[in-house]
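Here is how the chains run, residue by residue.
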Amino acid sequence: MKLQQVSKTYDMGEVKVEALKPSSLDIYAGEMLVILGPSGSGKSTLLNIMGGMDSPTSGQVIFGDQNITSGGEVALTRYRRNEVGFVFQFYNLIPDLTARENIELAAELVKNPLPIDDILEDVGLDERMDHFPSQMSGGEQQRISIARAVVKNPRLLLCDEPTGALDYETGKLILSLLKKINRGRDCTVVLITHNIAIGAMGDRVARMRSGEIVEIAENPTPVSPETIEW
Ligand code: ADP
């Protein structure tokens, strides 16, 4: 996928906030791309534009042979529904549905979902499936939210600070799970974080500062998340 000179300016009446300056980025199929930057540097804005959750003020988003930016609302919805899975810092599970129902709801939205039991095996939470989110730990909820994203069999998995609300050990387990899905399901993963140490697990690392991508570095030897320390 290609982001071509995408920018985002929020018009707040008196002032305009330039959340993202014109930025270009290619995302390679099957890679794990880590986007690093301090709070407020534009990471979420960039990720939301990638996922069709937000439209850029200028520039183009190209996915395969499809121009997401100019395709209109129907194409945008189809793209978001079928091609993209989202994982959020605070899980965003539906509280009134059990873990299994949260996953089933996502599966029902798409044409070719993966078998739910396969996904449950991936995330390793079989026995908790009939529990509600409030009965689960943060790490368990995040595993369910990953299952909910992955059951759609998306080509792109977008993760916004997925370990931001978790303790150290649980955070590392979640990162390992994301890596396993990236490698095992050939699913492109883009992960944003302010945690510099996490960059070491990426195939590439893009650094952001003040609404700009200031560096994109290849990482020839990405490490396994279990070995990362912060
Ligand atoms: P990050 O994810 O790196 O913390 P964001 O992309 O969330 O950064 O935000 C970048 C900048 O854009 C910040 O200054 C933020 O306050 C501003 N911003 C983000 N979303 C909005 C919005 N909906 N309205 C106004 N300003 C926004």
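Structural notes, computed from the coordinates. In this text, all values refer to a predicted model and were calculated from it rather than measured experimentally.

## Overview of the packing of aromatic side chains
Here a ring pair, both rings aromatic, is described through the centre-centre distance and the interplanar angle of the planes. Under the criterion given, the structure shown has three aromatic pairs. Plain terms: the ring middles of Phe86 and Phe88 are 5.8 Å apart, the flat faces sit at 10 degrees to each other, and that makes the pair stacked. The exposure class of Phe88 is partly exposed, given its relative accessible area of 22%. When the ring centre of Tyr28 is taken as origin, the NZ or CZ atom of Arg204, which lies over that ring, is 4.0 Å away.

## What about the pairing of strand β6 (residues 84–87)?
Here β6 shows no split at all, with Val84 and Phe86 on one side and Gly85 and Val87 on the other all buried. Where β6 and strand β7 (residues 156–160) come together, four bridges link them in parallel fashion. Considered in β7, the bridge of Val87 is made with Cys159.

## What about the site of the ligand?
Around the ligand sit Tyr10, Met12, Val17, Ala19, Pro38, Ser39, Gly40, Ser41, Gly42, Lys43, Ser44 and Thr45, and those are all the residues in its vicinity. Contact distances for the ligand include 3.1 Å between an oxygen atom and a backbone N or O atom of Gly42. One of the side-chain N or O atoms of Lys43 is found 2.8 Å from an oxygen atom in the ligand. Notes on the ligand: free accessible area 560 Å², of which the protein chains cover 62%. If you list the elements that add at least two residues to the shell around the ligand, you get β1 (2–12), β2 (15–26) and α1 (43–50). Here the shell around the ligand gets three residues from one element, more than from any other, and that element is α1. Among the residues making up the shell around the ligand, the classes are represented as five nonpolar, six polar and one charged.

## Observations concerning the sheet that holds strand β4 (residues 58–63)
One open sheet holds the four strands; their spatial order is β2-β1-β4-β5, and the pairing between them is antiparallel. Looking along the sheet, the strands with just one partner apiece sit at the ends: β2 and β5 (66–67). α1 contacts β1, β2 and β4 of the sheet and is inclined by roughly 120 degrees relative to β1.

## Details of the nonpolar core
Of all hydrophobic cores here, the largest spans 39 residues; its most connected members are Ile103, Ile144, Ile146, Leu157 and Leu178. Elements represented by at least two residues in this core include exactly β3 (32–36), α3 (99–108), α4 (116–123), α5 (138–150), β7, α6 (168–184) and β8 (188–193). When sequence neighbours within four positions are dropped, the list of residues in contact with Leu178 reads Met32, Ile146, Leu157, Cys159, Pro162, Val189 and Leu191. In this structure, Ile27, Val61, Leu156 and Leu158 belong to the second largest nonpolar core, which totals 26 residues.

## Some points on the pattern of salt bridges
Tallied over the full model, the rule gives 10 salt bridges. Of the charged contacts in the structure, one is a salt bridge between Lys16 and Asp11, with a shortest N-O distance of 3.2 Å. Accessibility expressed as a relative area gives 58% for Lys16, which makes it exposed. Given the relative accessible area of 54%, Asp11 is considered exposed. Note that Glu140 and Arg128 form a salt bridge whose closest N and O atoms lie 2.9 Å from each other. Placement of the pair is Glu140 in helix α5 and Arg128 in the loop between α4 and α5, with a sequence separation of 12 residues.

## Focus: a nonpolar patch on the surface
A cluster of nonpolar residues, Tyr10, Met12, Val15 and Val17, forms a patch on the protein surface that exposes about 360 Å² of accessible area. Looking at the element boundaries, Tyr10 is found in strand β1.

## Remarks on the environment of Arg128
The exposure class assigned to Arg128 is buried, which follows from its relative accessible area of 17%. Apart from the residues lying within four places of it in its own chain, the contact partners of Arg128 are Ala99, Gln135, Met136 and Glu140. A distance of 2.9 Å separates a polar atom in the side chain of Arg128 from the backbone oxygen of Gln135.

## Structural notes on the packing of α3 against α5
Viewed as axis vectors pointing N to C, α3 and α5 meet at an angle of 20 degrees, and their least axial separation amounts to 8 Å. Here α3 is positioned roughly parallel relative to α5, judged by the angle of their axes. Two packed elements cross with a definite hand, and for α3 against α5 that hand is right-handed. For the pair α3 and α5, contact is made by Ala99, Asn102, Ile103 and Ala106 and by Ile144, Ala147 and Arg148, respectively. Split into classes, the residues belonging to the contact of α3 with α5 amount to five nonpolar, one polar and one charged.

The rules behind each value
Each residue is numbered by its place in its chain's sequence as written, counting from 1. Residues qualify for local features only when their pLDDT is at least 70, as the model is predicted, and side-chain atom pairs are given and counted only at 80 or more; totals for whole chains, interfaces and linings, by contrast, use all residues. Side-chain descriptors were evaluated using all non-hydrogen atoms of the structure, hydrogens and water having been removed beforehand. Classification of ring pairs uses Phe, Tyr and Trp, with its six-membered ring standing for Trp, and accepts pairs whose centres are within 6.5 Å; under 30 degrees between planes counts as stacked, over 60 as edge-to-face, and the remaining range as tilted. Each residue is assigned to one of three classes by its accessible area relative to the maximum for its type, calculated with a 1.4 Å probe on protein chains only: buried under 20%, partly exposed between the two thresholds, exposed over 50%. By definition, being over a ring means that NZ of Lys or CZ of Arg is both within 6 Å of the ring centre and within 35 degrees of the ring normal. Counting from the N terminus, the helices are the DSSP runs of H or I reaching at least four residues and the strands are the DSSP runs of E reaching at least two. One bridge is not enough; two strands pair if DSSP finds at least two bridges between them. When we say a residue is near a molecule or strand, we mean one of its heavy atoms is within 4 Å of it. Nitrogen and oxygen atoms within 3.5 Å of one another constitute a polar contact, given that in protein one can donate a hydrogen and the other can accept it, and given that sequence-neighbouring residues count only through two side-chain atoms. For the accessible areas, the method is Shrake-Rupley and the probe is 1.4 Å, while residue cover comes only from the protein chains on display. Classes in brief: Ala, Val, Leu, Ile, Met, Phe, Trp, Tyr, Cys and Pro nonpolar; Asp, Glu, Lys and Arg charged; the others, Gly included, polar. Should any heavy atoms of two residues lie within 4.5 Å, those residues are counted as being in contact. The angle between two axes is taken between their N-to-C directions and runs from 0 to 180 degrees, where each axis is a line fitted to C-alpha atoms and a helix contributes only its stretch in contact. Each nonpolar core is a collection of buried residues, namely Ala, Val, Leu, Ile, Met, Phe, Trp, Tyr and Cys, held together in the definition by side-chain atoms within 4.5 Å. Salt bridges are defined by distance alone: a side-chain nitrogen of Lys or Arg within 4 Å of a carboxyl oxygen of Asp or Glu. The patches described consist of residues with a relative accessible area above 30% and no salt bridge, like charges being joined within 9 Å and nonpolar side chains (Val, Leu, Ile, Met, Phe, Trp, Tyr) within 5 Å. For classification, angles of less than 35 degrees are called roughly parallel, those exceeding 145 degrees roughly antiparallel, those between 65 and 115 degrees roughly perpendicular, and all remaining angles oblique. Crossing handedness is defined as follows: a turn of the near helix away from the far one that is anticlockwise and smaller than a right angle gives a left-handed crossing, while the clockwise case is right-handed.

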